Amino acid sequence: MGVRWRFDEKPRAIAYPAGGGSLTYHFGEFTLDVGTRRLLRGQEELHLSPKAFALLTMLVENRTQALSKADLQQRLWPSTYVLETNLAGLVAEIRHILEDSADQPRFIRTVQRFGYWFVGEVVERGASIADPATPARYWLLWDTRQIALNQGENVLGRAPDAAVWIDAPGISRNHARIRLDGTIATIEDLGSKNGTYLHGSPVTAPAELKDGDEIRLGPVVITFRIPPPTGATETALP
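Given the structure is predicted, the values throughout are model-derived calculations rather than measurements. (Residues numbered from 1 in each chain as written. Predicted model: local features only at pLDDT ≥ 70, side-chain atom pairs only at ≥ 80, totals over all residues. Heavy atoms only, no water.)

Colleague: Would you explain the side chain of Ser49 in this entry?
Modeller: Within the secondary structure, Ser49 sits in the loop between β6 (44–46) and α1 (50–61). According to the relative accessible area criterion, Ser49 is buried, its value standing at 15%. Once residues within four sequence positions are removed from consideration, Ser49 is found in contact with Leu90, Glu93 and Asp161. (Helix = DSSP H or I, 4+ residues; strand = E, 2+ residues; numbered from the N terminus. Buried < 20%, exposed > 50% of the residue type's maximum accessible area, 1.4 Å probe, protein only. Contact = heavy atoms within 4.5 Å.)

Structure representation (structure tokens):
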């Protein structure tokens, strides 16, 4: 009951894009790669929910100052009323992954009655650790909406922290997952009530996606797209 939603006449989809481009931030034994939306400890990939990853990125990128709870809530849940416990839950998730302590923080300090402050020493680098051959963007098309996907896991569903929020009847909270691993894209169902279908067939195991594939999540039909590489403009003949 922590989130109160506004109900619109038409279903909406919201994508949470990667942060500020192909930057990496190194603190302690951790690496935060904004371009690929990955948190690493050495070579080990650590898993945060999309909202927790977005919060950690905001705190690291604004580490010269403490950020207020009100500001963070507005950025994470724009135009939506949420309880303060939602934000505290994300902070707890990040601290657990980073093995941080609220009492003796290495990375995230609580500023009493105000907000949170990233206090770890950060080394910033301009190049992402991603493979340079990796495509910059894959997309989902839903009606007139174009939704960007990110490298790694993209959960589709009605849950507030889903990477692609599809607020429509018949969609489960965590309905399906699209994983981008370099140039390979796969989709799998997450035990949804109304099923996930690829070209009309139920998805019972991870299935590889190709450009133009039609995906049905319950009653919602979306299309997976891989934009073609940008080439030279052809000269029009007279």
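From this point, things continue past the structure.
Colleague: In this structure, what is going on with α1? I would like to understand it.
Modeller: Each turn of an α-helix holds 3.6 residues, which means side chains three or four residues apart point in the same direction. Between its first and last C-alpha atoms α1 spans 16 Å; for 12 residues at 1.5 Å apiece the expected length is 16 Å, and the two agree. The buried fraction of α1 is high, at 10 of 12 residues. Taken residue by residue, α1 has Pro50, Lys51, Ala52, Phe53, Leu55, Leu56, Thr57, Met58, Leu59 and Val60 as its buried positions. (Expected span 1.5 Å × (residues − 1).)

Colleague: What am I meant to see in the pattern of salt bridges here?
Modeller: Opposite charge on two side chains permits pairing when their charged atoms draw close. Applying the stated rule across the entire model yields 10 salt bridges. A salt bridge links Arg177 to Glu153; its shortest N-O distance comes to 4.0 Å. Placement of the pair is Arg177 in strand β16 (residues 176–181) and Glu153 in strand β14 (residues 152–157), with a sequence separation of 24 residues. Two residues, Arg225 and Asp211, come together in a salt bridge whose shortest N-O distance is 2.7 Å. Highlighted residues: Arg225 in strand β22 (residues 220–225) and Asp211 in the loop between β20 (207–208) and β21 (214–217), separated in sequence by 14 residues. Under the relative-accessibility criterion, Arg225 is labelled partly exposed at 32%. Ionic contacts of the salt-bridge type, sharing partners, join the residues Glu153, Arg177, Arg179 and Glu188 into one network. (Salt bridge = Lys/Arg side-chain N within 4 Å of Asp/Glu carboxyl O.)

Colleague: Would you mind showing me how to read helix α2 (residues 69–76) here?
Modeller: The complete set of buried residues in α2 reads Lys69, Leu72, Gln73 and Leu76. Down the axis, α2 shows its buried residues gathered within 100° of arc, on one side only. (Arc of directions from axis to C-beta.)

Colleague: Looking at this model, I keep getting lost on the sheet that holds strand β9 (residues 108–111). Mind explaining?
Modeller: Adjacent strands of a sheet form backbone hydrogen bonds with each other and so pair up, either parallel or antiparallel. Pairing is antiparallel in the open sheet, where 3 strands are placed in the order β7-β10-β9. What marks the edges here is a single partner per strand, and that holds for β7 (67–68) and β9. The pairing of β7 with strand β10 (residues 115–118) spans 2 bridges and is antiparallel. Pairing of Ser68 across the sheet is with Gly115, part of β10. Most of the contacts of α1 go to β10, to which it runs at about 65°, and overall it touches β7, β9 and β10. (Pairing = 2+ DSSP bridges. Axes fitted to C-alpha atoms, helices over the stretch in contact; angles between N-to-C directions.)

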